[in-house]
2 protein chains.
Amino acid sequence: MNVLDFNDGKETSATQGAYLRLRELILTGQLKPGEKLKIEQLRGLLNTGASPVREALSLLTSDMLVERLDQRGFRAAPVSRSNFNEILLLRCNMEEEALRASLANADADWEEALVLAHHRMQKASKQRSSDFELAHKAFHMALLAKADLPLLARYCDQLYDLNIRYRFLAAGVSSYGERSIEAEHQGIFEAALERNADLAALLLKDHYKRTGQYLGRQFED
Amino acid sequence: MNVLDFNDGKETSATQGAYLRLRELILTGQLKPGEKLKIEQLRGLLNTGASPVREALSLLTSDMLVERLDQRGFRAAPVSRSNFNEILLLRCNMEEEALRASLANADADWEEALVLAHHRMQKASKQRSSDFELAHKAFHMALLAKADLPLLARYCDQLYDLNIRYRFLAAGVSSYGERSIEAEHQGIFEAALERNADLAALLLKDHYKRTGQYLGRQFED
DNA sequence: GAGTCAATAAATATCGATATTTTGGAGGAT
DNA sequence: ATCCTCCAAAATATCGATATTTATTGACTC
């Protein structure tokens, strides 16, 4: 590995590093939807060779964050109202499924992990910490953690990220208009602790639909 | 491109070719679950360079047909009873969703395409044609075609292929024990033509669960 | 005889260079 | 002016070679 790039010891392979970095750039909208992703350009940005960049882009293709155009390279996946709506719909269905399965298997460890995730999210929210996004995702995934359905978990994760991308794109807007998210989370949290699957699922879907409606208004197409 | 490899003009890029070929080898069980996929070895098999092989493997990773092991290369995804069960479960959920959406939007073109797909499948079945697998998939996808939910369609497609892999692995067994599949397909087909979503969904799920039960018995773990 | 450890062999990950394709114009004809 | 055609310029896809990392083997200790 190049001696010059002060790899802070975290990443193991150049490919993995490039993958994570590119993923972040696309999710946060620093690489814009539809934007052409030129290998040379990215090589410079990530200072690595063409192979890792190429492989990372291939991986992002399956995350549906990048599109491959026959022999014409890659571009950041485009966005659209209909894509947004579909993500919302699928998320509601899949997360409900996962949540019910998770609650059915829930044990004390799961419960404690959930309490922690909830606490961290609240804290990050109060401090307006930049960690909020991470904590928020962690909370939602903690809800689903005991489902023990790896494929479903993967889909939920993927859809969560696709959705978060729209939040970043509708930026400026501090994402959720503060609203009642805190209360919404609290409701889901409590219902989950009580193992009330019907209520938890209802609240969860409502939570998504609400932020969905809110975000949906932000853009045309 | 190498002059020697008599590329029959179909594939555009080496990567795409390698992707399709490897996919087939894994789906049909010619590359066995858990088997190490060495670059050199595959290079020979596909006669192409290391880069296309590597990229193809990356793509297959997101199809969940290949696993990447940190710095230790790739291997064909393992199989397990629980994985099989999850695929079955998710397929039932997602295809039901897609089927209902498809029927809701169904028009004359969709109907005609479905009739054709059904006909071809029947024909291939009677002739015991090797095209049956393809025709069967085409029929099932034709049912869902009008859903107009690209992400869901992709998931259904992916899960279909993951399932088909288990069919090949439980090989010898001419897959479905002849049973009543023909009748089952007929039922789904008719219900779909009548736009009877409840019935069609019920029959479809039943169809999957039946073959699922059948296959499930084939292997331990 | 089992468990380390070092040296070697194998395999992966990555680079730099090259061959192919696509893109973008600059003339020239209609 | 508009549409082709053909020619650079740019970008992609792919190769071959090399640096790194992991796996293997066999001697050596306890």
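This section reports on the structure supplied with the text.

For chain A, the helix and strand inventory stands at nine helices and three strands. Put simply, 70% of the contacts in chain A that link residues at least 6 apart link residues at least 24 apart.

So, on to the protein's contact with DNA strand C. Close contacts around DNA strand C come from 20 residues, with Ser-13, Ala-14, Thr-15 and Gly-49 of chain A together with Gly-73 of chain B the closest. At the level of secondary structure, the elements contributing two or more residues to the surface near DNA strand C comprise α1 (14-27) and α3 (50-62) of chain A together with α2 (39-46) and α3 (50-62) of chain B. Looking at the surface near DNA strand C element by element, the count peaks at three residues for α3 of chain A. Partitioning the surface near DNA strand C into residue classes produces six nonpolar, nine polar and five charged.

Residues and elements named next belong to chain B. Reading across from one edge, β1-β3-β2 is the order of the three strands in this open sheet, with antiparallel pairing throughout. Both edges of this open sheet fall to β1 (36-37) and β2 (66-68), since each of them pairs with a single strand only. Of the strand pairs in this sheet, β1 and strand β3 (residues 74-76) are connected by two bridges, and their pairing is antiparallel. When the bridges of β3 are listed, Leu-37 appears paired with Phe-74.

This paragraph deals with the environment of Thr-61 of chain A. Its location among the elements puts Thr-61 of chain A in helix α3. On the basis of neighbour count, Thr-61 of chain A is assigned to the partly exposed category, with 18 C-beta atoms found within 10 Å.

Moving on, we come to the interface of chain B and chain A. Each side of the interface is counted separately: chain B has 21 residues, and chain A has 21 residues. Elements with a contribution of two residues or more to the side of chain B that touches chain A: α3, α4 (81-105) and α7 (150-169) of chain B. Take the side of chain B that touches chain A: its biggest share by element is seven residues, from α3 of chain B. Of the residues in the side of chain B that touches chain A, the class split is seven nonpolar, eight polar and six charged.

If you trace the backbone, Met-141 of chain B turns up in helix α6 (residues 132-144). Residues Met-141 of chain B and Asp-157 of chain B lie 16 residues apart in sequence; the distance between their C-alpha atoms is 7.7 Å.

Moving on, we come to α6 of chain B. A rise of 1.5 Å per residue sets the reference length of α6 of chain B, with its 13 residues, at 18 Å; its end C-alpha atoms lie 19 Å apart and thus fit the reference within 8%. Elements in contact with the buried residues of α6 of chain B: α4, α5 (108-126), α7 and α8 (181-193) of chain B.

What follows concerns the packing of α6 of chain B against α7 of chain B. All names here are of chain B. Viewed as axis vectors pointing N to C, α6 and α7 meet at an angle of 150°, and their least axial separation amounts to 11 Å. Classed by the angle they form, the pair α6 and α7 counts as roughly antiparallel. Between α6 and α7 lies a crossing of right-handed hand. Facing Glu-133, Lys-137, His-140, Met-141 and Leu-144 of α6, the residues of α7 in contact are Ala-153, Cys-156, Asp-157, Tyr-160 and Ile-164. For the contact of α6 with α7, the class distribution of residues is six nonpolar, one polar and three charged.

The immediate surroundings of DNA strand D are formed by 20 residues, with Gly-73 of chain A together with Ser-13, Ala-14, Thr-15 and Gly-49 of chain B found nearest. Broken down by secondary-structure element, the contributors of at least two residues to the surface near DNA strand D are α2 (39-45) and α3 of chain A together with α1 (14-27) and α3 of chain B. With three residues, α3 of chain B is the single largest residue contributor to the surface near DNA strand D. A class-by-class count of the residues in the surface near DNA strand D yields six nonpolar, nine polar and five charged.

With that out of the way, let us pick up the nonpolar core. In this structure, Ala-200 of chain A together with Ala-200 of chain B are the most contacted members of the largest nonpolar core, which totals 65 residues. Here Ala-200 of chain A is in contact with Leu-99, Leu-103, Ile-188, Ala-191 and Ala-192 of chain A, once residues within four sequence places are set aside.

Residues and elements named next belong to chain A. With antiparallel pairing, three strands are arranged side by side in an open sheet as β1-β3-β2. Of all strands in the sheet, those bounded by a partner on one side alone are β1 (36-37) and β2 (66-68). Direction of pairing for β2 relative to strand β3 (residues 74-76): antiparallel, over a ladder of three bridges. If you follow Glu-67 over to β3, its bridge partner there is Arg-75.

Phi at Met-64 of chain A is positive, roughly 65°, even though this residue is not glycine. Position of Met-64 of chain A among the secondary structure elements: in the loop between α3 and β2. Looking at Met-64 of chain A, the number of C-beta atoms within 10 Å reads 18, which means it is partly exposed. Notably, Arg-195 of chain B is not glycine yet its phi reads approximately 60°, a positive angle. Within the secondary structure layout, Arg-195 of chain B lies in the loop between α8 and α9 (197-216). On the basis of neighbour count, Arg-195 of chain B is assigned to the exposed category, with 12 C-beta atoms found within 10 Å.

Definitions and cut-offs
- Every chain begins its residue count from 1, and numbering advances along the sequence as written.
- Labels are handed out in written order, letters beginning with A for the chains and numbers beginning with 1 for the ligands.
- Local features are withheld for residues below a pLDDT of 70 in this predicted model, meaning they are given only at 70 or higher, and side-chain atom pairs are given and counted only at 80 or more; totals for whole chains, interfaces and linings count all residues.
- Going along the chain from the N terminus, every DSSP run of H or I of four or more residues is numbered as a helix, and every run of E of two or more is numbered as a strand.
- Whether two residues are in contact is decided by their C-beta atoms, placed from the backbone, lying within 7 Å.
- Using a C-beta atom placed from the backbone, a residue is scored as near a molecule or strand whenever that atom is within 6 Å of it.
- Residues are grouped as follows: Ala, Val, Leu, Ile, Met, Phe, Trp, Tyr, Cys and Pro are nonpolar; Asp, Glu, Lys and Arg are charged; all remaining types, including Gly, are polar.
- Here, a strand pair is defined by DSSP locating no fewer than two bridges between the strands.
- Using C-beta atoms placed from the backbone, we call a residue buried if 20 or more other C-beta atoms fall within 10 Å of its own, exposed if 12 or fewer do, and partly exposed for counts in between.
- To estimate the expected span of a helix, subtract one from its residue number and multiply by 1.5 Å.
- Only the stretch in contact is used when fitting a helix axis, every axis being a line fitted to C-alpha atoms; angles between N-to-C directions are given from 0 to 180 degrees.
- An angle below 35 degrees is treated as roughly parallel, one above 145 as roughly antiparallel, one from 65 to 115 as roughly perpendicular, and anything else as oblique.
- It is the rotation of the near helix from the far one that decides the hand of a crossing: anticlockwise by less than a right angle makes it left-handed, clockwise makes it right-handed.
- Remark: nonpolar core denotes a set of buried Ala, Val, Leu, Ile, Met, Phe, Trp, Tyr and Cys residues whose joining runs through C-beta atoms within 7 Å.

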